[in-house]
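Here's the letter readout for the chains.
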Amino acid sequence: MTRTATSASRLPRALQSLFNLRREEIGPVLIAALFFFCVLTALMLLRPARDALGMERGIESIRWLFIGTAVVTLAVNPLFGWLVSRLKRLQFIGATYGFFVLSLVGFWALLMFAPGAVGQRSGQVFFVWFSVFNLFVTMVFWALLADRFTSDQGKRLFALISVGGTLGAIFGPWLTSQLAQPLGTPSLLLVAGGFLLLALAMAWLLVRVAPDRASPDAPAAAAGLASEAERIGGSAWAGLRAVFRSSYLTGIAGYILLMTVVATFVYFTRLQMVAAVSDSMDARAALLGNIDMWTQVAVLVLQLTLTGKIIQRFGLGVALAILPVATALGFIGLAIYGSFVVLILLEATNRAVQRGITRPAREALFTVVGREDKYKAKAFVDTFVYRAGDVAGAQTEGALGRLGLAMGGLVSIVVPLALVWAALALWLGRAQARRVAEPPASTV
């Protein structure tokens with residue numbers, strides 16, 4: 001019995017040593033990872049269909065859909081800011097997730113009871129809706145984590161928590177392949193809605209179990225319940241104003257803008273090559289889904305092995321700078337070889353680094369800002385600024401294609417952007433380190 005007890009006690013110690021995880025953090029980390037698993041499963045169930053539907057009227061139409069998405073995210077931001085100001089934390093999280101669940105039910109009813117009304121226009125509506133849905137459900141997840149964990153915990157634990165999302169991103173496409181035929185595509189919308197409801201349940205648990213930003217001797221559960229009773233308050237437009245008043249938040253917005261511009265270059269390059277491979281919507285969806293699934297394997301390896309160590313050893317700045325350097329090198333390689341295999345390697349590397357290293361590091365930046373900014377400013381940056389980068393990237397890539405510059409023109413833009421992007425990453429790392437010892441403020 002003593003030997004069994006000793007072996008059982010060694011397992012938590014081994015986990016703590018391997019992942020730099022403390023005993024009291026195991027429960028919150030598991031809940032947060034399961035929360036992210038449910039969110040990414042729901043997203044990845046729907047993403048291949050989103051891309052395939054968006055291509056029905058050609059790649060050029062997607063560029064204009066990006067503009068529509070940016071406009072919608074800008075319009076939705078003050079509404080979300082109003083919810084954050086007026087409702088308690090779990091209430092506005094529940095309202096956000098509940099809206100998207102009801103939207104999925106609405107799309108399901110349309111597909112089931114009025115299939116004749118489904119066409120290219122409704123496919124474009126779904127494309128825009130999904131693009132907004134994708135950003136808001138992940139933004140709310142990370143905002144809650146930035147609110148619940150300290151800066152030190154974010155640097156140590158966010159990469160480990162991200163593993164849950166990666167597993168969901170692998171599980172989602174697999175589940176789509178298993179359920180699409182026996183249940184039909186419309187039913188996948190209800191399955192995705194079910195995972196969102198599970199995610200909401202995990203958010204409820206996380207608020208009550210995870211340690212809040214309290215002193216070490218304060219009971220975590222009591223601290224969580226105390227903060228949950230308070231409303232954040234403020235203006236519906238506070239997030240937008242904060243981004244333009246704070247050099248730190250402006251820097252984060254600039255980093256995300258550059259990241260999405262370059263990621264959009266990769267996205268449209270992929271769509272063009274996939275369109276050249278097959279004219280069938282089903283074949284395109286299958287190919288895009290396979291690329292998504294296998295890319296996650298590389299992400300998982302990074303999250304389990306390198307990310308936490310890179311952040312702890314070199315800091316957030318270096319972790320954030322890896323993506324621009326890797327992307328620039330990948331585009332140079334694509335310009336030299338120009339094959340579909342090189343494109344897959346570029347996209348896999350870009351996504352692996354972005355999700356495996358950059359995302360946990362980027363989210364740790366928000367652990368040192370005020371609570372209002374964690375939700376309102378973060379919503380503006382992670383939705384409108386993100387989609388504005390999509391628009392800028394899509395229009396730039398299209399203009400280069402019309403001028404006949406193609407890949408060579410992209411490389412001439414990506415490399416200088418990557419240098420600015422990497423310099424900004426290093427500055428953000430130093431700025432975050434300076435803020436760690438300071439009390440958070442809404443704007444600086």
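Residues numbered from 1 in each chain as written. Predicted model: local features only at pLDDT ≥ 70, side-chain atom pairs only at ≥ 80, totals over all residues. Heavy atoms only, no water.

Could you give an account of the packing of helix H6 (residues 151-183) against helix H7 (residues 185-209), with specific residues and numbers?
Here H6 crosses H7 at 140°, and the two axes come no closer than 8 Å. Taken together, the axis directions place H6 and H7 in an arrangement best described as oblique. Along this stretch, H6 crosses H7, giving a crossing that reads as right-handed. Contacts between H6 and H7 involve Phe-171, Leu-175, Thr-176, Leu-179, Ala-180 and Leu-183 on the former and, on the latter, Thr-185, Ser-187, Leu-188, Val-191 and Phe-195. Looking at the contact of H6 with H7 residue by residue, the class counts come to eight nonpolar, three polar and no charged. (Axes fitted to C-alpha atoms, helices over the stretch in contact; angles between N-to-C directions. Helix = DSSP H or I, 4+ residues; strand = E, 2+ residues; numbered from the N terminus. Parallel < 35°, antiparallel > 145°, perpendicular 65-115°, else oblique. Left-handed = near helix turned anticlockwise from the far one by under 90°. Contact = heavy atoms within 4.5 Å. Nonpolar A, V, L, I, M, F, W, Y, C, P; charged D, E, K, R; others polar.)

Describe the side chain of Thr-264, naming the residues involved and giving the relevant values.
Inspection of the secondary structure assignment puts Thr-264 in helix H10 (residues 247-277). Beyond its immediate chain neighbours, meaning those up to four positions away, Thr-264 contacts Phe-66, Gly-389, Asp-390, Gly-393 and Ala-394.

Tell me about the packing of helix H4 (residues 89-113) against H7, residues and numbers included.
With their axes 8 Å apart at the nearest point, H4 and H7 run at an angle of 170° to one another. In terms of orientation, H4 lies roughly antiparallel with respect to H7. Among the residues forming the contact of H4 with H7, the class breakdown is 22 nonpolar, three polar and two charged.

Tell me about helix H9 (residues 238-245), residues and numbers included.
Listing the buried residues of H9 in full gives Ala-238, Gly-239, Ala-242 and Val-243. Taken end-on, H9 shows its buried residues confined to a sector of 135°, consistent with a single buried face. Exposed and oriented more than 90 degrees from the buried face of H9 are Phe-244 and Arg-245. (Buried < 20%, exposed > 50% of the residue type's maximum accessible area, 1.4 Å probe, protein only. Arc of directions from axis to C-beta.)

Quick one: what's the story with the environment of Gly-333, residue by residue and with numbers?
Structurally, Gly-333 is set in helix H13 (residues 316-337). On a C-alpha basis, the gap between Gly-333 and Leu-346 in space is 8.4 Å, while along the polypeptide they are 13 residues apart.

Before we move on, could you go through the confidence of the model for the protein chain and cite the residues and values that matter?
Segments scoring low in pLDDT should not have their predicted coordinates read at a detailed level. Counting all residues, the mean pLDDT for the protein chain is 79, and 74% of those residues have values of 70 or more. Within the protein chain, no element has a lower average pLDDT than helix H8 (residues 220-228), which sits at 47, and none a higher one than H9, at 91. Throughout residues 4-8 the model reports pLDDT below 50, and contacts reaching past four residues in sequence, or to other chains, amount to zero contacts. Of the regions scoring below 50 in pLDDT, residues 213-226 engages in 17 contacts with residues more than four places distant in sequence or in other chains. (pLDDT = per-residue confidence, 0-100.)

Outline the packing of aromatic side chains, supporting the account with residue identities and numerical values.
What the rule picks out here adds up to 22 aromatic pairs. One aromatic cluster is present, formed by Phe-35, Phe-36, Tyr-97, Phe-141, Trp-142, Phe-149 and Phe-158 through successive ring pairs. Over the aromatic face of Phe-314 sits the side chain of Arg-313, whose NZ or CZ is 5.1 Å from the ring centroid. Here Lys-378 stacks its cationic end above the ring of Phe-366, 4.2 Å away from the centre of that ring. (Phe/Tyr/Trp six-rings, centres within 6.5 Å; stacked < 30°, edge-to-face > 60°. Lys NZ or Arg CZ within 6 Å of the ring centre and 35° of its normal.)

Tell me about the nonpolar core, residues and numbers included.
The biggest cluster of nonpolar side chains holds 111 residues, and the ones touching the most others in it are Phe-35 and Tyr-97. Structurally, this core is a two-domain feature, drawing no fewer than three residues from each of domain 1 (23-210) and domain 2 (237-434). Setting aside its immediate chain neighbours within four residues, Phe-35 contacts Tyr-97, Phe-141, Leu-144, Ala-199, Met-202, Ala-203 and Leu-206. Leu-65, Phe-66, Val-128 and Ala-394 belong to the second-largest nonpolar core, a separate cluster that totals nine residues. (Core = buried A, V, L, I, M, F, W, Y, C linked by side-chain atoms within 4.5 Å. Domains from an automatic or database assignment.)

Let's hear about a nonpolar patch on the surface: which residues, and what values?
A surface patch of nonpolar side chains, amounting to about 540 Å² of accessible area, comprises Val-325, Leu-329, Ile-332, Ile-336 and Tyr-337. Looking at where Val-325 falls in the secondary structure, it is placed in helix H13. Given the relative accessible area of 46%, Val-325 is considered partly exposed. (Patch = residues over 30% accessible without salt bridge, like charges linked within 9 Å, V, L, I, M, F, W, Y side chains within 5 Å. Areas by Shrake-Rupley, 256 points an atom, 1.4 Å probe, with all protein chains shown as cover. Salt bridge = Lys/Arg side-chain N within 4 Å of Asp/Glu carboxyl O.)

Outline H4, listing residues and values.
Taking 1.5 Å per residue as the helical rise, H4 with its 25 residues ought to reach 36 Å, and the 36 Å between its terminal C-alpha atoms agrees with that figure. Along H4, the residues that are buried comprise Arg-89, Leu-90, Phe-92, Ile-93, Gly-94, Thr-96, Tyr-97, Phe-100, Val-101, Ser-103, Leu-104 and Phe-107. (Expected span 1.5 Å × (residues − 1).)

An account of the pattern of salt bridges is requested, with residue identities and associated values reported.
Applying the stated criterion to the full structure yields eleven salt bridges. Notably, a salt bridge pairs Arg-371 with Asp-147, separated by 3.0 Å at the nearest N-O pair. Placement of Arg-371 in helix H15 (residues 371-402) and of Asp-147 in helix H5 (residues 120-148) is noted, with a sequence separation of 224 residues between them. Judged by relative accessible area, Arg-371 falls into the partly exposed class, the value being 22%. The salt bridge involving Arg-362 is made with Asp-382; its shortest N-O contact spans 3.6 Å. Of this pair, Arg-362 sits in helix H14 (residues 340-364) while Asp-382 sits in helix H15, and the two are 20 residues apart along the sequence. Across the pair, exposure class does not vary: Arg-362 and Asp-382 are buried alike. Linked through salt bridges whose partners overlap, the residues forming this network are Arg-359, Arg-362, Glu-363, Lys-378 and Asp-382.

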